[in-house]
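Report on the structure
The chain contents come next:
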Amino acid sequence: KREQDSYAANFPRSRAAFDGAGEHLLGGVPMTWMRMWPGGFPVYQAAARGARLSDIDGHELIDFCLGDTGAMAGHSPAPVTEAVARRYTELGGATTMLPTEDAAWVAAELARRFGVSHWSFTLSATDANRWAIRVARQLTRRTKILVFSYCYHGSVDETFIVVGPDGRPVSRAGNVGAPVDPVTTTRVVEFNDPAALERELAHGDVAAVLMEPALTNIGIVLPRDGYLAQVRELTRAAGTLLINDETHTFSAGPGGCTRAWGLDPDMVTIGKSIGGGVPCGAYGLDAGLAERILSDDSADIEDVGGVGGTLAGNALSVAAMRACLGSVLTDAAFAGMTEVAAGYTESVRAVLAAKSVPWSISQLGARAEYRFTPEPPVTGGESAAAADVDLDEYMHLYTLNRGILMTPFHNMALMSPMTTKSDVDAHTAVFTEAVSELLGE
Ligand code: PLP
């Protein structure tokens, strides 16, 4: 309560902007989920550069949220802003409906990084998943998809489903106006449970398993040793395609978990960070599948009705991806970001050990998250969802009130190439203070 009151007092202009925006803006925010922001209203940003973000109340915040990975490249990375400004001027905008040569460069780079050979572009990661699912259905002539309980793959209707208390699938709370109940389109199992996966795939109706190689949207849930190999084996045996959604797990390295862990999916989807701050998305598939879908007479993949969009793969998105992948989120940048994240992880772990607080911390390359559960870390969505949300909000507001922006809901921290050790030290100082106050020291 004290931190909520301080938040309202510290951010009066943001509060007023939120309160005043509801007359015509649905819910007072550009997207209604922003109403869930800790403290009851979001910070309204004024500017951002590097790993810093300033708000309309005049604070400069160290940004460990980084757009929940959308700004993993840091804010306004020069190669991206230059490429986008140049292309915007040269091409007179982004909506010509004609390709530029940047797209083939980006496809080749994604193929090199993720190991699947053929790529197509979308406007967002949500769209990449939607379209990948359609392609998988066409290729397999099956209707269902399978996801993991408490996954998030964007606002894709089929994915709003969890394993219910009695083990049966239930449509996820918050699903609004889905055209059909996801229970009829989707099978759902707990992550890290190969027996459940085998049982559900045995129905023989699953076109694709859509998977984050580590869950990131219910906090970080890492795969158990050998689990991802089992997923690959089971999907192959069942004639089901495996789609790795690397949108968030790209933090694991230059080729996401797919390359870092030597995975072999049939398809990969990605968005957000690879555009260096510009909206984008992409899905890739292996050469055999690419050939099959292009020559499938029963589906006209060139027809706009199936997968498409006039803005998908637009000149600004692909120029931004080329600059970002070519000059910002490079192998060397990932090595640096991962090292800074390791420093962050160590410093949080040291505080927890010194204070004897039974929390845990997980790291996935450039990203780390502390959680209010003891070691060993949680292994599935249901246990992850049981985290203490009040404590989450307390930590979020405590740090925000002292100049540090964490990813809301899970207090994850992401390092950009511009995040420094001194940013991490600033977090450690505030984190230590927050824990001491909690313990009444
Ligand atoms: N996939 C994953 C794993 C995500 O976490 C998200 C968003 O957070 C998406 C897809 C959808 O991204 P977008 O909202 O940019 O479409």
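A few points on the structure. Owing to the predicted nature of the structure, the values given are computational and were not obtained by experimental measurement. (Residues numbered from 1 in each chain as written. Predicted model: local features only at pLDDT ≥ 70, side-chain atom pairs only at ≥ 80, totals over all residues.)

Quick notes on the pairing of strand β13 (residues 360-364)
Inclusion rule: For every residue, the other C-beta atoms within 10 Å of its own C-beta are counted; 20 or more classify it as buried, 12 or fewer as exposed, and values in between as partly exposed. C-beta atoms are placed from the backbone. Each helix corresponds to a stretch of at least 4 residues labelled H or I by DSSP, and each strand to a stretch of at least 2 residues labelled E; elements are numbered beginning at the N terminus. At least two bridges found by DSSP between two strands are what make those strands a pair.
Burial analysis of β13 places four of its five residues in the buried class, the great majority of the element. The hairpin formed by β13 and strand β14 (residues 367-371) contains two residues between the paired strands, and G365 there has a positive phi angle of roughly 65 degrees.

A look at the sheet that holds β13
Basically, it comes down to this: Note on geometry: axes are lines fitted to C-alpha atoms, helical ones only across the stretch in contact, with angles between N-to-C directions running from 0 to 180 degrees. Contact criterion: two residues are in contact if their C-beta atoms, reconstructed from the backbone, are within 7 Å.
The strand order β13-β14-β16 describes an open sheet built from three strands, whose pairing is antiparallel. Strand pairing shows two members of the sheet lacking a second neighbour, β13 and β16 (412-414), which therefore form its edges. Sheet twist, expressed as the mean angle between neighbouring strand axes with direction ignored, is 15 degrees. Note: β14 against β16, three bridges, orientation antiparallel. From the neighbouring strand, E369 faces β16, where its bridge partner is M412. Where helix α12 (residues 331-355) meets the sheet, it contacts β13, β14 and β16, and its direction lies at approximately 175 degrees from that of β13.

Looking at the site of the ligand
This is how the line gets drawn: By convention here, the C-beta atom is placed from the backbone, and a residue is near a molecule or strand when that atom is within 6 Å of it. Polarity classes work like this: nonpolar for Ala, Val, Leu, Ile, Met, Phe, Trp, Tyr, Cys and Pro, charged for Asp, Glu, Lys and Arg, and polar for all others, with Gly in that last group.
Near the ligand there are 15 residues, and of these S124, A125, T126, G154 and T247 occur at the shortest range. For the shell around the ligand, the residue count by class is two nonpolar, nine polar and four charged.

Thoughts on the nonpolar core
To keep it simple, the criterion reads: We call a set of buried Ala, Val, Leu, Ile, Met, Phe, Trp, Tyr and Cys residues a nonpolar core when their C-beta atoms link them within 7 Å.
A136, A208, I243, A320 and C324 are the most contacted members of the largest nonpolar core, which totals 121 residues. With ten residues, helix α11 (residues 315-328) is the largest single contributor of residues to this core. In this view, A320 contacts V80, A83, V84, G275, G276, V278 and C280; residues no more than four positions away in its chain are not counted.

Note that all results are geometric; they support no functional claim without further evidence.
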